[in-house]
Amino acid sequence: MRRLRQLAERTPAGRERYVDLLRAVAICMVVAGHWGVTVIGRDAAGRPTGHSALGDLPWAYPLTWVGQVLPVFFLVGGFANAASLTANRARGGDATGWLLARSVRLVPPTTVLLLVLAAGAGGSYLWGAGEARIRTVVWFATIPLWFLVPYLAAVALTPPMHALHRRFGLAVPVALVGVVALGDVGRLVGPAPLAYGSYLAGWLAVHQAGFAWYDAHAAAGGPRGGGAADGARHPLPTSRPAAVALLAGGLGALLLLTVAGPYPVAMLHVPGERLDNASPPSLALLALATAQLGLVLLLRDPAERWLRRPGPWQAVIAVNSVVLTVFLWHLTAALLLVGALDALGLLPTPAVGTAAWLAWRVPWLLLLAVVLAGLVAVFGPVEARAGRRRRAGEGARRRRPVHTGLVVAGYAAVIAGLLVNTVTPKAAPEPLGLPAPALVAYLAGAGLLRWLRSGWGSRG
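Worth saying up front: this structure is predicted, and the values here are computed from it rather than measured.

Asker: Whenever I open this one, unusual backbone geometry confuses me. Can you help?
Answerer: Leaving glycine out, the prevailing phi sign among residues is negative, and the prevailing peptide bond configuration is trans. Look at the link from G190 to P191: it is a cis peptide, with omega at -5°. Looking at the element boundaries, P191 is found in the loop between α9 (171–189) and α10 (198–219). Residue P280 is reached from S279 by a cis peptide bond, and omega for that bond is 0°. Structurally, P280 is set in the loop between α11 (240–260) and α12 (283–307).

Written as structure tokens, this is what we have:
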């Protein structure tokens, strides 16, 4: 508590605390959503299995308009990345140093998750568990990693995309929306490969909106970082009428695209639907993101006033210090709880949608929160220490071009490893639970970034 008070007291006056609140709330909603829709059953051999309840609950599809908050996370990420990159430039730093500092917070906690899962899977294989079963369990635990693929790509692309923003402003996300529209045409009428660009373009469009939001914050009196040398600013309209227009326009477009148009109502994956609005992002998801942006702007002023109180702000700081750990381990917590209850003969498996299933949601969520709290207590310090190292490592020293190439290679290998794991089928025979090429690529990239951060990669 003392450290939280100290961190709260040292918060710069110009910090947009609302961004930190949104990040914490978005991740907590993702966690609660995943837990809430989980259905536990049994296979033919009597072993526990799990799947999403959404396919059996059509009435819940509109609720996904509230539960799908990943656009908020990318919006907040764009704001935070623009703010830190601008401040880094003001101190005389370069993009390479900024990327290295950013990787400190994201990569080490992910590495710990993968190593722990691989070690557990390897032990299970030696104990006699089947490779396909091992992969299924690890696949479920690593579902959160698919999100890191586009987010790490957005971070790696922040320097050039921010340069485009400074020159062209909101024309950049408009062009990216055009790429998504072309991808939707490919998914609806063909050819399907047109949609490949949407996997990145959709999330980058929201990330770019975060750049514009930061410009509005700076123009309103926040820290300007690079000042006039930082280039032309393209602030997002943030007045109340503009926020209402974004909210109403986004909701109107969403209704037209889903109720009257060809897009599913659900904003999360539902087996059997013609389109998945989130993977890749569709125009319907971007309409939802627009509405969410309007709502975010409408709530900003009262939220900022609330966050000036010590208690709420300290709570937000506490959550943000381990927010990635919470996200990475929340499905592992579900696996551990299911395994423990099954071993004790206490695992209920009510049919989805029944009164028993709905009643089980409350104790289920509470038990999961306890298990996750234990995991965060064990692994959270990795992220907390990484955050302190990132702040300490942000400096003005410039790197040679070869170092930039190595940093890019490190990010590329990490992203490639996570992507290979994501696209590998959940029943593939994998003794370590993770595809060997994915694990090798990821660890090589993470090791390279660690080596570069240590200072050895910048010597000579």
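Asker: What am I meant to see in the packing of helix α4 (residues 70–90) against helix α7 (residues 145–156) here?
Answerer: To describe two helices that pack against each other, one gives the angle between their axes and the distance between the axes. The interhelical angle for the contact between α4 and α7, taken along N-to-C directions, is 25°, at an axis separation of 11 Å. With respect to α7, the axis of α4 lies roughly parallel. When the axes of α4 and α7 are compared, the crossing they make is right-handed. In this structure, α4 uses L70, F73, F74, G77 and N81 to contact α7, whose residues at the interface are W146, F147, P150, Y151, A154 and V155. Tallied by class, the residues present in the contact of α4 with α7 amount to nine nonpolar, two polar and no charged.

Asker: Please explain the packing of aromatic side chains as it appears in this structure.
Answerer: Each aromatic ring pair is characterised by the separation of its centres together with the angle its planes make. In this structure the tally under the stated criterion is twelve aromatic pairs. Ring centres 4.7 Å apart and planes at 15° place the aromatic pair F74 and W203 in the stacked group. In this pair, F74 is assigned in helix α4 and W203 in helix α10, connecting sequence segments 129 residues apart. As far as burial versus exposure is concerned, F74 and W203 are alike and both buried.

What counts and how
Sequence order sets the numbering: in each chain, residues are counted from 1 along the sequence as written. Owing to the predicted nature of the model, reporting of local features is limited to residues with pLDDT of at least 70; listing and counting of side-chain atom pairs is limited to 80 or more, with chain, interface and lining totals taken over all residues. Derived side-chain values reflect all non-hydrogen atoms in the structure, with water molecules and hydrogen atoms excluded from consideration. Strands here are runs of E lasting at least two residues and helices are runs of H or I lasting at least four, both read from the DSSP assignment and numbered beginning at the N terminus. An axis is simply a line fitted to the C-alpha atoms; with a helix, the fit covers only the stretch in contact. Between two such axes, the angle follows the N-to-C directions and lies from 0 to 180 degrees. Should an angle fall under 35 degrees it is called roughly parallel, over 145 degrees roughly antiparallel, and 65 to 115 degrees roughly perpendicular, with every other angle called oblique. In this scheme, a crossing is called left-handed if the near helix is turned counterclockwise away from the far one by less than a right angle; it is called right-handed if the turn is clockwise. Whether two residues are in contact is decided by their heavy atoms, any of which lying within 4.5 Å being enough. Polarity classes work like this: nonpolar for Ala, Val, Leu, Ile, Met, Phe, Trp, Tyr, Cys and Pro, charged for Asp, Glu, Lys and Arg, and polar for all others, with Gly in that last group. Side-chain rings of Phe, Tyr and Trp, where Trp is taken by its six-membered ring, are said to pair if the distance between their centres is within 6.5 Å; with planes under 30 degrees apart they count as stacked, over 60 as edge-to-face, and otherwise as tilted. Type-normalised accessible area, obtained with a 1.4 Å probe on protein chains alone, sets the label of each residue: buried when under 20%, exposed when over 50%, and partly exposed for intermediate values.

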